[in-house]
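# Coordinate analysis (summary)
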Amino acid sequence: MNKPVVLVAEELSEAGLAVLGADFEVRHTDGSDRSQLLPALADVDALIVRSATQVDAEAVAAAPKLRVVARAGVGLDNVDVEAATKAGVMVVNAPTSNITSAAEHTVALILASARNVAQAHSALKGGEWKRSKYTGVELDEKVVGILGLGKIGQLVAQRLQPFGVEIIAYDPYLQPARAAQMGVRLVSLEEILQQSDFITVHLPKSKETVGLIGDRELHLVKPSVRLINVARGGIIDENALYSALKEGRVAGAGIDVFAKEPCTDSPLFEFDQVLVTPHLGASTHEAQEKAGTQVARSVKLALAGEFVPDAVNVQGGAVAEDVKPGLPLTEKLGRIFTALAGEVATRLDVDVRGEIASQDVRVLELAALKGVFTDVVEDAVTYVNAPLLARDRGTVVELVTSSESPDWRNVISVRGVLADGRTVSVSGTLSGPRQITKIVEVNGYAMEIEPTEHLAFFTYTDRPGIVGIVGRLLGEHGVNIASMQVSRDVKGGKALIALTVDSAIPSDVVEQIAGEIGADSGRTVDLED
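Residues numbered from 1 in each chain as written. Predicted model: local features only at pLDDT ≥ 70, side-chain atom pairs only at ≥ 80, totals over all residues. Heavy atoms only, no water.

You'll find the chain entered in an unreviewed UniProt entry as D-3-phosphoglycerate dehydrogenase, with Microbispora corallina given as the organism. The UniProt entry for the chain carries the following comment under Sequence similarities (unreviewed entry): "Belongs to the D-isomer specific 2-hydroxyacid dehydrogenase family." (UniProt positions renumbered as here; feature names shortened; annotations may be inferred.)

A tally of regular secondary structure across the chain gives 17 helices and 22 strands. Whereas a compact globule of 529 residues would reach a radius of gyration of roughly 24 Å, the chain reaches 25 Å, a difference of no more than 12%. Each of the three principal axes of the chain carries a C-alpha extent, and together these read 80 × 70 × 45 Å. Expressed as a percentage of the 529 residues in the chain, the buried residues total 50%. Of the contacts formed within the chain by residues at least 6 apart in sequence, a portion of 64% connects residues at least 24 apart. With an accessible surface of roughly 23800 Å², the chain has 50% of that area assigned to carbon and sulfur atoms. Between the mean site of the 50 positive side-chain charges and the mean site of the 71 negative ones, the chain shows a separation of 2 Å. (Helix = DSSP H or I, 4+ residues; strand = E, 2+ residues; numbered from the N terminus. Rg over C-alpha atoms; globule rule 2.2 N^0.38 Å. Buried < 20%, exposed > 50% of the residue type's maximum accessible area, 1.4 Å probe, protein only. Contact = heavy atoms within 4.5 Å. Areas by Shrake-Rupley, 256 points an atom, 1.4 Å probe, with all protein chains shown as cover. Lys, Arg positive; Asp, Glu negative; His and termini not counted. Charge placed at Lys NZ, Arg CZ, Asp CG, Glu CD.)

Right, let's talk about helix α13 (residues 326–341) for a bit. For α13, built from 16 residues, the straight-helix expectation of 22 Å at 1.5 Å per residue is met to within 8% by its first-to-last C-alpha distance of 22 Å. Across the 16 residues that make up α13, a large majority, 13, are buried. Where α13 terminates, the next one or two residues include Gly-342, which has phi positive at roughly 75°. (Expected span 1.5 Å × (residues − 1).)

What follows concerns the pairing of strand β7 (residues 166–170). Bridge analysis of strand β6 (residues 143–147) against β7 gives five bridges, and the strand direction is parallel. When the bridges of β7 are listed, Val-144 appears paired with Ile-167. Handedness of the β6-helix α7 (residues 151–160)-β7 crossover: right-handed. Pairing of β7 with strand β8 (residues 185–186) involves two bridges; the strand directions are parallel. Looking at β8, one finds that Ile-168 is bridged to Arg-185. The parallel pair β7 and β8 is bridged by helix α8 (residues 176–181), and the resulting crossover is right-handed. (Pairing = 2+ DSSP bridges. Right-handed = clockwise from strand over helix to strand, strands pointing away.)

If you walk across this open sheet you meet the four strands as β20-β21-β19-β22, and the pairing is antiparallel. What marks the edges here is a single partner per strand, and that holds for β20 (481–488) and β22 (521–526). For this sheet the average axis-to-axis angle between neighbouring strands, irrespective of direction, equals 15°. In terms of strand pairing, strand β19 (residues 454–461) meets β22 through six bridges, oriented antiparallel. Bridged to Phe-457 within β22 is Arg-523. The sheet contacts of helix α17 (residues 507–517) involve β19 and β22, and relative to β19 the element is tilted by about 20°. (Axes fitted to C-alpha atoms, helices over the stretch in contact; angles between N-to-C directions.)

Here we come to helix α5 (residues 99–115). Between its terminal C-alpha atoms α5 stretches 25 Å, which fits the 24 Å expected from 17 residues at 1.5 Å a residue. Most of α5 is tucked away, with 12 of its 17 residues classed as buried. Looking at α5, one finds that the buried residues are Ile-99, Ser-101, Ala-102, Ala-103, His-105, Thr-106, Val-107, Leu-109, Ile-110, Ala-112, Ser-113 and Ala-114. Directly beyond the C-terminal end of α5, a positive phi value near 55° is found at Asn-116.

Turning our attention to the pattern of salt bridges. Under the definition given, this model contains 30 salt bridges. With a shortest N-O distance of 3.9 Å, Lys-300 and Asp-23 are connected by a salt bridge. Of the two residues, Lys-300 is situated in helix α12 (residues 285–303) and Asp-23 in the loop between α1 (14–20) and β2 (25–28); the sequence distance between them amounts to 277 residues. Glu-270 is the salt-bridge partner of Lys-246, the closest N and O atoms lying 3.2 Å from each other. Of the two residues, Lys-246 sits in helix α11 (residues 238–246) while Glu-270 sits in the loop between β11 (252–255) and β12 (274–276), which places them 24 residues apart along the sequence. Take Lys-246: its relative accessible area is 54%, and that puts it in the exposed class. On the basis of relative accessible area, Glu-270 is assigned to the partly exposed category, the value being 48%. Through salt bridges with shared partners, a single network forms among Glu-25, Arg-27 and Asp-43. (Salt bridge = Lys/Arg side-chain N within 4 Å of Asp/Glu carboxyl O.)

What follows deals with the side chain of Asn-93. Of note, Asn-93 is situated in the loop between β5 (90–92) and α5. Among the polar contacts made by the side chain of Asn-93, one reaches the main-chain carbonyl oxygen of Val-74 at a distance of 2.7 Å. (Polar contact = N/O pair within 3.5 Å; in protein donor to acceptor, adjacent residues only side chain to side chain.)

By the definition in use, this model includes two aromatic pairs. Look at Phe-258 and Phe-269: their rings are 6.1 Å apart centre to centre, the planes differ by 85°, and that puts the pair in the edge-to-face class. With Phe-258 in the loop between β11 and β12 and Phe-269 in the loop between β11 and β12, this pair connects stretches of sequence that are 11 residues apart. Taking relative accessible area as the criterion, Phe-269 reaches 34% and is therefore assigned partly exposed. (Phe/Tyr/Trp six-rings, centres within 6.5 Å; stacked < 30°, edge-to-face > 60°.)

Taken in spatial order, the five strands of this open sheet run β2-β1-β3-β4-β5, and their pairing is parallel. Lying at the two open borders of the sheet, with one neighbouring strand each, are β2 and β5. Pairwise comparison of adjacent strand axes, ignoring direction, gives a mean angle of 20° for this sheet. Where α12 meets the sheet, it contacts β1 (5–8), β3 (46–49), β4 (68–71) and β5, and its direction lies at approximately 170° from that of β4.

A few words now on unusual backbone geometry. Geometrically, the link from Glu-261 to Pro-262 is a cis peptide bond, its omega value of -5° lying close to zero. Along the polypeptide, Pro-262 turns up in the loop between β11 and β12. Here the phi dihedral of Asn-116 falls at roughly 55°; this positive angle occurs in a residue that is not glycine. With respect to the element layout, Asn-116 can be found in the loop between α5 and α6 (117–125). Classification of Asn-116 by relative accessible area gives buried; the value is 10%. The backbone of Gln-435 shows a phi angle near 55°, a positive value even though the residue is not glycine. Residue position: Gln-435 is located in the loop between β16 (423–431) and β17 (436–442). Owing to a relative accessible area of 37%, Gln-435 belongs among the partly exposed residues under this scheme.

Here's what the structure looks like:
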């Protein structure tokens, strides 16, 4: 019997190769060379890559037997997950392989920035003995502000506490009680900026977080503050940071990631008090070894047809055929829920009603959680780690099923209670023989809209002229409306406008619309991958 073929397209640790053992035929190629890679894919069952190999639609098509692509690392920028999914190929990565290394590098930059280690090192090796010039500051009794208390942010907090610092954090998706268990006090972003002596970034990169620390924010900080970024480039606006350093509004920075990489020339480099490293957060022997062994184990599980914990695009267990079409719908409902809520719920109900409820629909609860946290955390969210993310953030989750569904053959709802007692809900269905996805309810308002890539919702007091104002403002800013629906509770009461548009609505335009129509709330949802 022929052994399954595993193609290793980039360097893999010896420990990772040892995990594969003698059960597989292991081949090697240079994944960065397309002329070598594409022919080598012809009869392989699994492909293991790092960051240099582009696993695009062409590569997937060149591998008709391929069952799993494994990225020995955290990111998946070089893997076309959609193309792999369409071809029935599982995609896995190693989401926790580098968290310790990233946390330790953060602490290293904080300490080095506090004590001017790099500057003093360079001066001394250049023949200069300048003790007074490089006088630093202690961490003891300083305030450290952490932006994002995910896995890495939590590890940073744990490692800094013995230094005698006070730790505050900004994370709108974490319950205060959970933060308190870690000895961390949750505060607003503005409080972080105003109170912190050190600010370290551990947020995912998204439309909401790009430029989060910009010119306005850097006018709120102490002039003695030091900024650290080992998360994603672009969260700290590099131009705004340059100006703040130039004007003496920021004391120093430790930067490991940049908006555009590789970065070998930046205005930030001119400052002696800016410590920079070339994206070294995951660059340790231990992280590389963990990544190799994690993906090798996943490949073994995938090729054996077993449950794969780190699969990012498919659920590892058996799912009933009638339930499968509901998975992408439920994920979208979860993402819409998070966008509408703006925070993680203290309680979340996944309500499945209709004929589908007679099946085992537990996977829909996982799909909802995957959607809820996709735009919240930096790491890839899977069906396996989504419940852990809910638990870590203090969210109680319950699956509710019923065969009764008076309005739709099947309907799935994601309903949550927020920390202030507000309830947010969104419901969807699959309609007709073609199983067209529809959103049929938002916060109690009935509607029928297709969840396209760009959605917007505005709640306001029902009165004439609102539709015209919304259309005018979007038109003035070049945003084309694909569809619009208005739903209201009673005449002259509260109403909801639901829009699908052809492009994302800028945040300042959302604020302008909300202001002109007197909206109680205005939310946009971008479902682009």
